[in-house]
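If you want the building blocks of each chain, they are given just below.
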Amino acid sequence: MRHILSLLLENESGALSRVSGLFSARGYNIESLTVAPTEDPTMSRMTIVTTGSDDVVEQITKQLNKLVDVVKVVDLNEGKHLERELMLVKVRAAGKDREEVKRTADIFRARIIDVTEKSYTVELTGTSDKLDAFLDAIGRTMVLETARTGACGLGRGEWIMKV
Amino acid sequence: MKLSDAPHTQNTAAEISGAEIVIRSLHEEGVEFVFGYPGGAVLNIYDEIFKQDKFKHVLVRHEQGALHAADGYARATGRAGVALVTSGPGVTNAVTGIATAYMDSIPMVVITGQVPTHAIGQDAFQECDTVGITRPCVKHNFLVKDVADLATTIRKAFIVAQTGRPGPVVVDIPKDVTQAKHVFAYPKDVEMRSYRPAVKGHAGQIKKALGMLVEAKRPMVYVGGGAVLGNASAQVTELVRMLGFPCTNTLMGLGAYPSSDKQFVGMLGMHGTYEANMAMQNCDVLLAIGARFDDRVIGNPEHFYQSGRRIVHIDVDPSSISKRVKVDVPIVGDVKEVLTELLALLGEEKARPDPAGLKVWWKQIDEWRAKDCLKYNRKSELIKPQYVIETLHKITGGDAFVTSDVGQHQMWAAQFYGFDKPRRWINSGGLGTMGFGLPAAMGVQLAHPDATVACITGEASIQMCIQELSTCKQYHMPIKVVNLNNRYMGMVRQWQEFFYGNRYAESYMDALPDFVKLAEAYGHVGMRIEKPADVEGALREAVKLKERLVFLDFITDQTENVFPMVPGGKGISEMILSEEL
Ligand SMILES: Cc1ncc(C[n+]2csc(CCOP(=O)(O)OP(=O)(O)O)c2C)c(N)n1
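Calculation notes
- Residues numbered from 1 in each chain as written.
- Chains lettered and ligands numbered in written order.
- Predicted model: local features only at pLDDT ≥ 70, side-chain atom pairs only at ≥ 80, totals over all residues.
- Heavy atoms only, no water.
- Near = heavy atom within 4 Å.
- Polar contact = N/O pair within 3.5 Å; in protein donor to acceptor, adjacent residues only side chain to side chain.
- Helix = DSSP H or I, 4+ residues; strand = E, 2+ residues; numbered from the N terminus.
- Nonpolar A, V, L, I, M, F, W, Y, C, P; charged D, E, K, R; others polar.
- Contact = heavy atoms within 4.5 Å.
- Salt bridge = Lys/Arg side-chain N within 4 Å of Asp/Glu carboxyl O.
- Buried < 20%, exposed > 50% of the residue type's maximum accessible area, 1.4 Å probe, protein only.

Engineer: Hey, could you run me through the site of the ligand in this one?
Structural biologist: Residue and element names in this part refer to chain B. For the ligand, the set of nearby residues contains 17 residues, the closest of which are Gln408, His409, Gly432, Ser461 and Gly490. Within the backbone of Met491, a nitrogen or oxygen atom sits 2.9 Å from an oxygen atom of the ligand. Counting only elements with at least two residues in the shell around the ligand, the list comes to α17 (408–416) and α20 (490–499). Top contributing element to the shell around the ligand by residue count: α20, with three residues. Taken together, the residues of the shell around the ligand break down into eight nonpolar, eight polar and one charged.

Engineer: Which parts of the structure should I look at to understand the environment of B:Phe419?
Structural biologist: Residue and element names in this part refer to chain B. Looking at where Phe419 falls in the secondary structure, it is placed in the loop between α17 and β16 (425–426). Between the C-alpha atoms of Phe419 and Leu254, which are 165 residues apart in sequence, the distance is 6.2 Å. Beyond its immediate stretch of four places on either side in the chain, Phe419 contacts Leu254, Gly255, Tyr257, Pro258, Ser259, Val402, Ala413, Arg424 and Trp425.

Engineer: I keep staring at the pattern of salt bridges and nothing clicks. Help me out?
Structural biologist: Proximity of charged atoms lets side chains of opposite charge pair with each other. Counted by the stated rule, this structure contains 42 salt bridges over all chains. Measuring nitrogen to oxygen at the nearest pair gives 2.8 Å for the salt bridge that ties A:Asp132 to A:Arg148. Taken together, the positions of A:Asp132 in helix α4 (residues 128–138) and A:Arg148 in strand β8 (residues 143–148) put the pair 16 residues apart, joining distant regions of the chain. Between B:Lys384 and B:Asp557 there is a salt bridge, with its nearest N and O atoms 2.7 Å apart. Here the residue B:Lys384 occupies a position in the loop between α15 (355–369) and α16 (385–395), and B:Asp557 occupies one in the segment after β20 (550–555), the gap between them amounting to 173 residues. For B:Asp557, a relative accessible area of 8% gives the class buried. Through salt bridges that share partners, A:Arg2, A:Glu31 and A:Glu83 make up one connected network.

Don't take any of this as a statement about function, it's just geometry.
See below:
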C-alpha cells in the first residue's frame, strides 16, 4: 500500500543522505521525496511517499526514528490528511490540439503559464492521482516534458506535528 | 540544543588548539586507552598526545587492529572504546572494524583525521568522504567544521555511542580545525531533541507479559547480546530461576545466563544444541530478551511460524521488534530496567507457572538432551579441536576471557568453553570478521591486565591481523593464542563437503608459515602440539607463563565438522547431527 510519511529532521548537511541511504540500504521503495526547511530554520520537513505492506512501513518508520538526525516521523495514512503535488508539464499544442489542451487544463483547474506556437506549459497542483489523471486525459503522446515535485502533506484539522 | 549551565570543567579563559581540545575532551571522558595510528591529518592531535600522560596511546600495526582492539576493550568493560586514525587510507582500513562494531552494537568513538576544510571536495592527498563511507555502518557520524563545536561534538559522540542501543560513532576532524583555537568548556549534558532512547518499559505491557509467562506450559527464555550489553545478566538469571524455565543464549548472549546451570540448554541457532533448537521450535511461550531473531538463530522464519507460539520481546531498539518475526507483547526499554520491573511484579503477584506442566516440559527437554548432541570421538589419535577447548576451560577454571575469529573454531569455542559470566566471550557475531580475535584480545588484556586472555583462532583467520603480534610485544600483552590449525578454512571446507560435493575450492591453506618460528620472530613463545596427550600440558605451561604471549599451534584433525548444523534456509529443528550419535 502507498503511505505518506512526514518527517521533521535536523537541517544539517548529512541528514538527507542518511534518510535516502537508509532506503537504499534496506531495499525500501521511495516513490517521491521532498524536503525543505520549516518555519524553524534549524529543522527541515521531509515528505516521503513509499509503498510496502503494513509490516514494511512499520519497519521503515522505526528505522527512520532511529536515525539520530530525525526528530519525528508520522505516517500520515494513520489519520485524515491533505496531500498536494505540483507539476509543470509542457504539452504539444499545435493546430486543432490547442483548443483541446486548453479545455482539459480548464477542467483540471490547471493554469497555462507559458505559450509558444507549438506548445503550452501547464502548471497543476493536486494529489498525485490527479496529476496522473491529467496526463492521461491529455494523452501521453502529447506530453513533451514534465517536472513534478513529489507529494507533500499535512494532517487534516487542528492536529499538528509537534517536536 | 541546550548545553547545561554548569559545565564539567571550569572555563579556562585561555584559548587552546582544536587538537588540545580533543585530548582534554578524552580526559574528561575518563578514557584509559586510545588505539591508533598516526598520519598527516592527525599530527596535531599526536603532538598533543605526546604532551600528556592521562591516557595511554596504543600503537597498532594496521588500523583494522586499532578498531578491533578498541572494540575488544569495549566488549570487556562496557565502556566506549576509542580509536584514532588518519584521513584517507587510515579511514578505509578502519571501516572493517567500524562495521564489525556496528553489527554487534558495540560502543566506540572513532576519531578520524580529515584534510583541511578548504581542501574538502578537491580530491586532496589522502582525502576520502569519511562521513559518506562510514554512514551505513555507524550509529552516527559527525564532520566538525568549526573548532567551536568540537568539545560538544565529542561529548555527543560519547553519549550516542554508549546509550540506547550502543554503537560506533565517528567524529571526522579536518586538520585546520585541530589547529584553530578556542576556549575549552566540556559540557556534561547535551540536549539532543532528535535523540531520546527509551529507558523504561510500558507498565501495562510488562504486566501482560507476566500474565503470559505464568500461563505457559512449554516456556522458553531466549537471551541475546542485548542482555550482555545492557548489563542485565543478574536480572536474567534471577528471573529464569524464579520461573524455573529453560534458558538458551545466542552466540552473542553467551555468559548472560551461566552455562553451567542446569536450566541452561545450550546455545541455539545454526550450530546450537539439539535441545535448545528443539525447545525453541516447540515452546508455547517465548520470552526474548535483547535478541533479534536473526537468520543464524531461527533459520527459516516460515518454518519457525509452523508451530505457533506467543512471543514476549524486550529490546531497547524498537526496530528490532517484529522485524523478522511478529511478536505478541513488545516491550521497548532498557533490558535491565524492564527485567527489574518484571521481577518486582513477579514478587508481588502470587501467580506462578504450573509446576506439573513444567515437569512434563522438562522431561521432554531432558529427552532431547540425552541425545548428547555435542558428542565427539574422544579416542582419536588426532587432536580434536573440541578437546582443546574443553581442556582450556578446565585449566582456566572457566574464568578466562576468550576472543575468537570466525569459522569452526569460533563455533567450538562457543559450544565447549561454557561461559558463566557476561563479557567473557568476545567474538564478531554479526559481521563475522576474520582477523578480529587477536587485536580484540589486546583490548581485553589491557582492560584486565591480570586476567588470562585466550584468542581461539584458526590458521586462516589469524593471518588476517597477524601483524598485531608486534603490538603485543611492544605493550607486553601475555595473550594465549590457541590456533586450531586444521590446514583448511575449516568452515568453508565444511560447507563444501556438505553442499558442494566435496569440491574444496580454494579452501586449503597451503604454504602456511611455521607459526612457532613466526611467534619467536616477533619475540614471543611458540609451541607446536601434535598429540592429544600433549594438549593439557602445553596449555598449562602457556597459562603459567604469565608474562609472555604464547602462540600454541595445535595440529588438529582436518576432517572434524561442527555439529549440530542447521543448513541455510532450513528450520531450526531440521538439524544435521554428528555421525557419532
Ligand atoms: C574477512 C573474512 N573473509 C572471509 C570470511 C568467510 N569465512 C568464514 S569462516 C572462513 C574460514 C576460516 O578459517 P580458519 O580461520 O582456519 O578457521 P576454521 O574454520 O578452520 O576453524 C572464511 C574464509 C570471513 N568470515 N571473513
